[in-house]
Structure formats: structure tokens, C-alpha cells
Amino acid sequence: MSNRPSDHLDTNLLRVLHTLLTERSVTRTAMKLGQSQPAISNMLKRLRDITGDAILVRGKNGMTATERGEELLLLAKQGLSVLDSITHPAPSFVAAQSQRVFHLGAPDYLSVLLIPMIMEKIREQAPNAGLVVHSLNVGFDYASALENGELDCVIGNWPDQPPHLHLAHLFEDDLVCMVNNQHPIVKKGLSLKYYLEMPHLAPTPYMMGHRSIIDSALAEQGLKRHIQMTIPYFGMVPDVLSRTDLIFTTSRSFAMHFVGQWPITILPMPVEMPKMRFFMLWHERSHAAAEVQWLRKMVSDASREVMT
């Protein structure tokens, strides 16, 4: 263990150093700190031993700081400010005054409904704050991004989540099928056999090793659909369906968003499927942070509105 003099500089000595250099008087320092003059004199001697400098010397009008003493005054002020920041609670978060840039991870399919609503709420309550939405893809380690602060929270609906992350359920939605209005199954009806055999449009997998909820649920029943084409962007879905005979399986809220805008019909699933469950994940490092708690509330509030 080191026995250097600097090892013995504690908070009390730092406060005495700052007051001595501010007051330039042992007597006034003792009165201001509520201590005896001999005690302050002894601490000044200790500070001189620790710093290797006289700190205060006699001048025409009392005590004056040495050149090193002037430097120490600034350092002591900075040190006390850091200590005060550590020992006192962070200032309360005021959304209307915040200029923080938040970072949210989300798969592309949420860009149609939930993300715009989250942005709307942030703009209403924190007009000076920013939001960066990070698209989740196969190469994105979202768990590490949450841990190192690259992301504040993540929204998703994949089956498995890391157990060390905090989780909040957002909403549930039914699975439905989207097809071109002119597709024969609109009139004939969609059977399970035809659903499995017909060409499917599906999103490009965005999580390494994660099978979609749709394919996982089918596999549990010993079933498998025929995925013929994949796309990375959900915004392309209605355009592709309007030009092809492909079928797309998705959440009801996503499908309903395009009905009336595109020549698309929504059909019920021909097999019983679990609901899509959307959730939010965040790391312990930001669990108590007031600003991130506020962001999570914006996400939760927007999620409730998506389903109303």
C-alpha cells in the first residue's frame, strides 16, 4: 500500500484548503467552518506537507496565496464540485427543457405505427430533445448496446429475451394475412393447406438465431410455410402485395394501417396462432435514470394508443 502524502488528502482537508485560499485567513476559515483556530493551523501544516508548498504566505495586507496556491484553489473548487455532484441527487428531469438525444432500438415493422407516435409524443413534451432510432438487424448486438449506453431501450417481439435485462410488456396483437384484392383466395377463402403451399412474402430475419414467431408457432404444430421472397423493409409490403400473388402474415394493426390506401384485403389465419406480444427492454444501468424513465413512459403511452 502506498504511503505518499497525497493518500491522506480527504474531503475535510480539501474543504479547508478551498476555504483557506478563498478567505486568505486562518481565523476567518476557522469561524466559517466552525472549528478552532489551532485546528485550522494544524490542517494548514498538513496541507503544506501534502502539497510540498507553503500555499499561503504573509503579505503587506495579510496572507496571500503562492503561485501553486492559486492553482490549488481552482483544483479544490473543481474537486468539491465533483464531490457535491456525487453526494447529491441528480437534478430532476424536466422534459420541456431537455436537450438530450435518446437512442431507441426497434425492428423495421414498428416504423409504420409505433415509432411515429413515439416521435409525436416526444415532440409535444420535449421539443428540444432528439431521438435516434436504430434499426435492429442480424449484426446488431442490442444487449451489448443497452449495457454500454449506445441504446436507452429496445422494442421488439422475438420469443427469447436475455434474462438480465428489464422487460415491460407493451401490447398484444392478432396475426392476420394480407393479400392483393384480386387474389383468388379472397373469394374462395384461405385454407390451411393453401396457406402452407402458396408463396409467402416475409421480412428478412433481423436477429441472428431467432426464428420468427410465425414460423416458431407453425413448427410447434409440425407445419412449415413456403417463404419465396423476403424484404428488409416493411414499408415495401403493400407495394409488393399490390403487384404480386404473394401472401404476407403480420399483426392486425400493421395490416389495418394499409386497408383503404392499397388494393389489399385482410384475411384471418387458417390455423390457431398465439398473439404477437410486443415488449420493451432496458439495462440496469439506466433503470433509475429519470430521463430514460421518461422515455420508457413515452413508449408505453404510445403503445397503448396504437391499440385504441
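Everything here concerns the structure above.
Here the structure is a predicted model, which is why all the values come from computation and not from measurement.

A. Representation of the nonpolar core in the model. The biggest cluster of nonpolar side chains holds 58 residues, and the ones touching the most others in it are Ile 118, Ile 155, Met 178 and Tyr 195. Apart from residues lying up to four places away in sequence, Met 178 is in contact with Val 237, Leu 241, Leu 246, Ile 247, Phe 248, Thr 250, Phe 254, Ala 255, Phe 258, Ile 264 and Thr 265. Listed in part, the 19 residues of the second largest apolar core include Val 16, Ile 50, Ile 55 and Leu 80.

B. Structural detail: the pairing of strand β5 (residues 153-156). Residues Cys 153 and Ile 155 line one face of β5 and the alternating positions Val 154 and Gly 156 line the opposite face, and both faces are buried. Strand direction decides the pairing type here: strand β3 (residues 101-106) and β5, joined by two bridges, are parallel. Note that in β5 the partner of Gly 105 across the bridge is Val 154. Strand direction decides the pairing type here: β5 and strand β12 (residues 276-282), joined by three bridges, are antiparallel. Within the sheet, the bridge partner assigned to Val 154 lies in β12 and is Leu 281.

C. Representation of the packing of helix α2 (residues 26-33) against helix α3 (residues 37-51) in the model. Running from amino to carboxyl end, α2 crosses α3 at an angle of 115 degrees, the nearest separation of the two axes being 9 Å. Between α2 and α3, the angle is such that the two are roughly perpendicular. The two elements α2 and α3 cross, and the hand of that crossing is right-handed. Residues Val 26, Thr 27, Thr 29, Ala 30 and Leu 33 of α2 lie in contact with α3, whose contacting residues are Gln 37, Ile 40, Ser 41 and Leu 44. Within the contact of α2 with α3, the residues separate by chemical class into five nonpolar, four polar and no charged.

D. Representation of unusual backbone geometry within the structure. One non-glycine residue with positive phi stands out, namely Arg 24, at about 55 degrees. Looking at the element boundaries, Arg 24 is found in the loop between α1 (11-23) and α2. Of note, the phi angle at Ile 55 is positive, near 70 degrees, even though the residue is not glycine. Tracing the chain through its elements places Ile 55 in the loop between α3 and β1 (56-59).

E. Fine view of the pattern of salt bridges. With the rule as written, the count across this model stands at 16 salt bridges. Notably, a salt bridge pairs Glu 23 with Arg 28, separated by 3.4 Å at the nearest N-O pair. The exposure class of Arg 28 is partly exposed, given its relative accessible area of 42%. Via salt bridges that share partners, Glu 23, Arg 28 and Lys 32 belong to a single interconnected network.

F. Summary view of the packing of aromatic side chains. Under the counting rule described, the total for this entry stands at seven aromatic pairs. Aromatic side chains Phe 93 and Trp 294 sit 5.5 Å apart centroid to centroid with 50 degrees between the ring planes, which places their arrangement in the tilted category. In this pair, Phe 93 sits in the loop between α4 (67-87) and β3 while Trp 294 sits in helix α12 (residues 290-306), placing the two residues 201 residues apart along the sequence. Residue Trp 294 is classed as buried on the basis of its relative accessible area of 11%. For the ring pair Phe 234 and Phe 248, a centre distance of 5.8 Å and an interplane angle of 75 degrees mean the geometry is edge-to-face. Here Phe 234, found in the loop between β9 (226-231) and α10 (237-243), pairs with Phe 248, found in strand β10 (residues 247-251); they are 14 residues apart in sequence, far enough to count as distant.

Cut-offs used in this document
- Residues numbered from 1 in each chain as written.
- Predicted model: local features only at pLDDT ≥ 70, side-chain atom pairs only at ≥ 80, totals over all residues.
- Heavy atoms only, no water.
- Core = buried A, V, L, I, M, F, W, Y, C linked by side-chain atoms within 4.5 Å.
- Buried < 20%, exposed > 50% of the residue type's maximum accessible area, 1.4 Å probe, protein only.
- Contact = heavy atoms within 4.5 Å.
- Helix = DSSP H or I, 4+ residues; strand = E, 2+ residues; numbered from the N terminus.
- Pairing = 2+ DSSP bridges.
- Axes fitted to C-alpha atoms, helices over the stretch in contact; angles between N-to-C directions.
- Parallel < 35°, antiparallel > 145°, perpendicular 65-115°, else oblique.
- Left-handed = near helix turned anticlockwise from the far one by under 90°.
- Nonpolar A, V, L, I, M, F, W, Y, C, P; charged D, E, K, R; others polar.
- Salt bridge = Lys/Arg side-chain N within 4 Å of Asp/Glu carboxyl O.
- Phe/Tyr/Trp six-rings, centres within 6.5 Å; stacked < 30°, edge-to-face > 60°.

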